[in-house]
Amino acid sequence: MRRLLVLAATAILLAGCLLGPDYRRPQVAAPEAFQYAPKDAADTADTLWWKQFQDPVLDQLIAEGLAHNSNIAIAAANVEQAAAVLTQTRSQLFPQLGYGASGERQRSLEPAFAALLRDYPNPSTAYQAGLSASWEIDLWGRIRRQSEAALANLLATDEARRGVVLSLVASVANSYLQLRGLDAQLAVAKKTLSAYGESVKLFELQYKYGQVSKMNVVQAQSQYESAAAQIPLIESQIAQTQNSLAVLIGRDPGPIARGKSVDDLVLPQVPAGVPSALLERRPDLLQAEQTLIAANAQIGAAKALYFPSISLTGAFGGASSELSNLFKGSSRVWNYTGSIVGPIFTFGAVSGQVAQAEAGQAAALLNYQLSIRNAFADVDNALVANQKLQEQLAAQKRLVVALSEYSRLARLQYEGGYTGYSTVLQAEQTLFPAELNLASIRASLFASSVNIYKAMGGGWVSEADQLTAGGGRPIAPESIPPLF
């Protein structure tokens, strides 16, 4: 017993030994600034940026989505599952206590033979009850490395949940903006169809009294049907966008309320930020780093398999042939054992696990580095798209104004007898798609602002997280109790 206690004390003193590399964040060569960052960027990355649109309906849709979206609920359940894995893994660091009880009655000989043996119990009765304990001493840090990996996986899963929050807010906002853009296109198409319908009626009357030819009527009719064909297409897109948005916010497919028109929405400010800040602001980068930490810890857990494992087991209880004497002093039984088990020849079983862990760490490192590069590119792409869409919108507005004037002048010349109706037809057929494109570009410009906030991440994700069911909060590593 004394030797086992000395062995246990020595193992505890040596338990600070950890095999494998300790994690250090890789050096990241981040650019000093984004290529297309505007000079008038505002410090708005930590605010609920969607409120800048000044549309209460959009605010309500995002709040409803955060409270009822199924993907967020699934992600939260995944976090609970990862937390349970951490609890299970850490439990191996401590002695495992248990209990057991049994009762047995058996006959081993025929009564005639048993009678020849003096005092031979036949049948016999045995009762036993006791407590048991077992403990694997983590001398080489295998369990602690596994716990380190489980903690990193928990934090990675929580960052994945926050990534779902980020994507949901952006998806709801983009879907709503797309819906309002389609509404604007539908309004243009119906207005144009109504104007074309008046032209058809006018030409039919003029043809009836011999003032124009049948060709003019057919031309006007073809123009009308061309506009009419656009309306079902736009209405189909509106219905599909509404259904997608309804599912995002946790509803059955159906109609969506409308707020401000796409012309009345306010364009949000571009948030300020530097590339290096993305490492702490984007959930996907934080998730990739925690995955790297977990893979790094698995190397130590695998290397510990080269060394022997030390286990202590013991039991204390009572055994008796009579149930009434089971817990009396004379029935006490106990045992304790210590064991050391280690590999000699494993023919690659351990080295294969070490190689697998090292390859996994290398893959996780490359994935982390690639994720960072993609994050920088995402921000630059969103910024340049926003800038160029503003320029495109300004040019498209000028185009619509010019085509509107051209259409007006063409109709005046036709009515004055200076040109044929084909000139009017050409002018109006050019104006109609230009007006549709203007509504689409305006919606795309608003969506580009959403994509900037999505690409940059920021404190707004934590703010939005508070609006989810249960008011989710990110798990901080320091909030997890230490191993010792």
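To start, this report covers the structure provided alongside it. (Residues numbered from 1 in each chain as written. Predicted model: local features only at pLDDT ≥ 70, side-chain atom pairs only at ≥ 80, totals over all residues. Heavy atoms only, no water.)

## Let's talk about the packing of helix 8 (residues 283–303) against helix 9 (residues 349–415)
Contact geometry of helix 8 with helix 9 gives a least axis separation of 8 Å together with a crossing angle of 165 degrees. One way to sum up the angle between helix 8 and helix 9 is to call them roughly antiparallel. Like other packed secondary-structure pairs, helix 8 and helix 9 cross with a definite hand, here left-handed. Here the residues of the contact of helix 8 with helix 9 sort into 14 nonpolar, eight polar and three charged. (Axes fitted to C-alpha atoms, helices over the stretch in contact; angles between N-to-C directions. Helix = DSSP H or I, 4+ residues; strand = E, 2+ residues; numbered from the N terminus. Parallel < 35°, antiparallel > 145°, perpendicular 65-115°, else oblique. Left-handed = near helix turned anticlockwise from the far one by under 90°. Nonpolar A, V, L, I, M, F, W, Y, C, P; charged D, E, K, R; others polar.)

## Quick word on unusual backbone geometry
Despite not being glycine, Q54 shows a phi value in the positive range, around 60 degrees. Take Q54: it is sitting in the loop between helix 1 (2–13) and helix 2 (56–68). Look at F347: it is not a glycine, yet its phi comes out positive at around 55 degrees. Relative to the helices and strands, F347 is located in the loop between strand 4 (332–341) and helix 9.

## Here we look at the pattern of salt bridges
Close approach of charged atoms lets side chains of opposite charge pair. All chains considered together, the criterion is met by 19 salt bridges. Between D22 and R145 there is a salt bridge; the shortest N-O distance is 2.9 Å. Separated by 123 residues along the polypeptide, D22 in the loop between helix 1 and helix 2 and R145 in helix 5 (residues 142–208) bring together distant segments of the chain. The class for D22 is exposed, based on a relative accessible area of 55%. Between R408 and E405 there is a salt bridge, and its shortest N-O distance comes to 2.6 Å. (Salt bridge = Lys/Arg side-chain N within 4 Å of Asp/Glu carboxyl O. Buried < 20%, exposed > 50% of the residue type's maximum accessible area, 1.4 Å probe, protein only.)

## Considerations on the nonpolar core
In terms of nonpolar packing, the biggest core is built from 45 residues, with W49, W50, F53, I62, L66, V169 and W460 touching the most fellow members. Elements with a minimum of two residues in this core: helix 2, helix 5, helix 6 (214–248), helix 10 (421–456) and helix 11 (460–465). Top contributing element to this core by residue count: helix 5, with 17 residues. Residues within four places of W50 in sequence aside, it is in contact with L58, D59, I62, V169, W460, A464 and L467. (Core = buried A, V, L, I, M, F, W, Y, C linked by side-chain atoms within 4.5 Å. Contact = heavy atoms within 4.5 Å.)

## Examining the packing of aromatic side chains
Tallied over the full model, the rule gives 10 aromatic pairs. Summarising the aromatic geometry, the rings of W50 and W460 are spaced 6.2 Å apart at their centres and angled 80 degrees between planes, so their arrangement reads as edge-to-face. Here the residue W50 occupies a position in the loop between helix 1 and helix 2, and W460 occupies one in helix 11, the gap between them amounting to 410 residues. Using a relative accessible area of 2% as the deciding quantity, one classes W50 as buried. The exposure class assigned to W460 is buried, which follows from its relative accessible area of 0%. Geometrically, the ring pair formed by F203 and Y414 is tilted, given 6.0 Å between the ring centres and 50 degrees between the ring planes. Here F203 is found in helix 5, whereas its partner Y414 is found in helix 9, with 211 residues between them in sequence. Here a set of aromatic residues connected by ring pairs shows up, and it is made of W49, W50, Y453 and W460. The ring of Y207 is capped by K214, whose NZ or CZ atom sits 5.3 Å from the centre of that ring. (Phe/Tyr/Trp six-rings, centres within 6.5 Å; stacked < 30°, edge-to-face > 60°. Lys NZ or Arg CZ within 6 Å of the ring centre and 35° of its normal.)

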